[in-house]
Every structure is written in C-alpha cells, then in structure tokens.
Amino acid sequence: MLAYRYLFIFSIAITIGSFLNVCIYRIPKGEDVVHTNSHCMNCGYKLAWYDLIPIFSWLFLRGRCRKCGEKISVQYPLIELANGLLWVILIYKNGLTVTGLCYCIAASSLLVLSVIDWRTFEIPMGCNIVIGIAGLVNLWFNRQDWLTYGIGFVCVSGLLLLILLLSRGRAMGGGDVKLMAAAGLLLGWQNVILAFACGCILGSVIHLVLMKIQGKERMLAFGPYLSMGIWFSMMWGQELIRWYIGQFIN
Ligand SMILES: [Zn+2]
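Residues numbered from 1 in each chain as written. Predicted model: local features only at pLDDT ≥ 70, side-chain atom pairs only at ≥ 80, totals over all residues. Heavy atoms only, no water.

What about the coordination of the zinc ion?
Each angle at a metal carrying four tetrahedral donors should ideally be 109.5 degrees, and each at a metal carrying six octahedral donors should ideally be 90 or 180 degrees.
In step 1: Taken together, the protein ligands of the zinc ion are Cys 40 (SG), Cys 43 (SG), Cys 65 (SG) and Cys 68 (SG), with distances of 2.3 to 2.4 Å.
In step 2: For the zinc ion, the four donor atoms in the first shell make angles of 106 to 115 degrees at the metal, so the coordination geometry reads as tetrahedral.
In step 3: When the donor residues of the zinc ion are listed from N- to C-terminus, their spacing reads C-x2-C-x21-C-x2-C. On the criterion of sequence distance, the pair formed by Cys 40 in the loop between helix H1 (2-26) and helix H2 (56-60) and Cys 65 in the loop between H2 and helix H3 (75-94) is long-range, its members being 25 residues apart. (Donors = N, O, S within 2.8 Å, 3.2 Å for Na, K, Ca; no water. Tetrahedral: all angles 85-135°; square planar, octahedral: opposite > 155°, others 65-115°. Helix = DSSP H or I, 4+ residues; strand = E, 2+ residues; numbered from the N terminus.)

Digging into unusual backbone geometry
In step 1: Even without a glycine there, the phi angle at Arg 62 is positive, about 50 degrees.
In step 2: Unlike most non-glycine residues, Phe 121 shows phi in positive territory, near 60 degrees.
In step 3: Within the element layout of this structure, Phe 121 appears in the loop between helix H4 (98-120) and helix H5 (125-142).

Looking at the layout of surface pockets
In step 1: Taken as a whole, the largest pocket encloses approximately 870 Å³ of empty space.
In step 2: The set of elements that each furnish at least two residues to the lining of the largest pocket consists of H1, H2 and H3.
In step 3: Of the residues contributing to the lining of the largest pocket, the split by class is 19 nonpolar, ten polar and eight charged.
In step 4: Taken together, 19 residues line the second largest pocket, and the ones lying closest to its centre are Phe 121, Met 172, Gly 173, Gly 174 and Asp 176.
In step 5: Among the elements of the structure, H5 and helix H7 (174-187) are those that each provide at least two residues to the lining of the second largest pocket. (1 Å grid on protein atoms, 1.4 Å probe; cavity = no way out; pocket = protein on both sides within 12 Å on 5 of 7 lines; lining within 4 Å. Points joined across faces, edges and corners; volume = space filled by probe spheres on them. Nonpolar A, V, L, I, M, F, W, Y, C, P; charged D, E, K, R; others polar.)

Structural notes on H3
In step 1: A rise of 1.5 Å per residue sets the reference length of H3, with its 20 residues, at 28 Å; its end C-alpha atoms lie 28 Å apart and thus fit the reference within 8%.
In step 2: Here H3 has its buried residues at Gln 75, Pro 77, Ile 79, Glu 80, Asn 83, Gly 84, Leu 86, Trp 87, Val 88, Leu 90 and Ile 91.
In step 3: Looking at the packing, one finds that the buried side of H3 touches H1, H2, H4 and helix H9 (223-249).
In step 4: Backbone geometry just after H3 places Gly 95 at a positive phi near 75 degrees. (Expected span 1.5 Å × (residues − 1). Buried < 20%, exposed > 50% of the residue type's maximum accessible area, 1.4 Å probe, protein only. Contact = heavy atoms within 4.5 Å.)

Some words on the nonpolar core
The tendency in soluble globular proteins is for nonpolar side chains to be buried side by side.
In step 1: Judged by nonpolar contacts, the single largest core of 48 residues is most densely connected at Leu 179, Met 180, Leu 186, Leu 187, Ile 230 and Met 234.
In step 2: Among the elements of the structure, H1, H3, H4, H5, helix H6 (146-166), H7, helix H8 (189-214) and H9 are those that each provide at least two residues to this core.
In step 3: No other element matches H4, which puts eleven residues into this core.
In step 4: Excluding its chain neighbours within four sequence positions, the residues that come into contact with Met 180 are Gly 152, Val 156, Ser 157, Leu 160, Val 192, Ala 195, Phe 196, Leu 226 and Ile 230. (Core = buried A, V, L, I, M, F, W, Y, C linked by side-chain atoms within 4.5 Å.)

Encoded structure:
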C-alpha cells in the first residue's frame, strides 16, 4: 500500500509540475498563469488534454508539437519530474503531515523561482509570498513557538538587507532578502542560518566551477543556491542541529 501512496503523491506532484512550467514561462512576461490555455509557442496550436499529461505526453510526442513538429523544450518534463521527486522525498522524510505538505509547496515555489532567477536575475515576489504563507500555515497548525520563527524572519534577511544597502544593490538583490525572510518563517532561525550557509558554500563552489567550464565571467544568480540551501535545511536541518548541540552537551 505504501508504494501506491507514493505513486499517488508523485502523480499529483508532476501535475503540479505542469502548472509550475506555466508559471516559469509566464511570470517573467507578466502573463496570467491561471486563465490562458496552454498552446504551442510556435504555431499556437491549443493543447488538448492528452497533450498535457505530465512527462508522458512529452515522451509520447518525442518532444515535438503534434501539429507543426516544432521542438518542445526538455525543460517541461524535467521540471515535472523534479517536482515529483522533490515531493516524494519530502513526504518520505516528514510524513504526510502539515509540515510535510508546507515543505512540498515551498519546494515547488523554490523550483519556480530558481529557474526564473537563473534566467532573468529576478525572484518573483509571488514565489516568496507562497513560501512565507507555507511557513505561517506550518506555524499555525503545529503551534510552534513564534519567537524562533520571528527571529528566523529577520536574522538572515536583516544581514542581507544591510549588505544590499551598503553595496547599493550591487552585491545582493532585493529578491534574495525577501526569500530569506520567507524561508526564516518556514524554518526558524537555526535552520535558516544553516540554509544560508549551505547556499553560500554551494553558490561559490558551483559558480566558480561553471565560470571555469564556460571560460567567462557570469553574473551570479543567488536564488538557485539559496533554494538548494533551504531544501537541504528542510531535509536534514533538524538532525544536523541536534547533532551539533549534542557535541557540546556530551
Ligand atoms: Zn506547434
């Protein structure tokens, strides 16, 4: 039965993944993410329901439009698959609980903002709001102590805001500040600091490697790395902090 449960979660998550694709393409253009029908970017063919089955439609059509044969980006099935895996792993780790679901929703939002930030160097405000709301819902249902999460809201974001102001916006984007504020509400202060530290380490290592491979200077989009750090914290933050504190007690 357990396998069916995860299969069910995976199916829902890849369907939500389709919606995330819509968000990724339309939010930067300022288009409506809810009401416009999906269509081929090349010929305008309106996709039927059987063209919209996550992952499988793309595989069945071998990545081409049914009507005009134009290539459909592999990003569509990859985002769907990524969202499916993220949800299954987070539910496996946290159980089918309010916290588990809040983490899933936050992970989806992180996925969207990472791709958008990677391409446009902007983090959409809507994504940060979704993460902040997931944090508040989690707090509300679990009756956690508000102080831990209140401090989480300001501790990293306050530091980033200071860097932003001191560098006059060169070293840091406003979106990063808001992202870490929202993440603090979701994670609490210990875990949001952990998330930030992970994001910085991953960001500097991966960014340097990428620049080395591509052989050119590249502007750093911090959002994807912060997102990885937040995801790491959602998965292993509690254990890591418990282990760390244990070092001092024993
Ligand atoms: Zn087409």
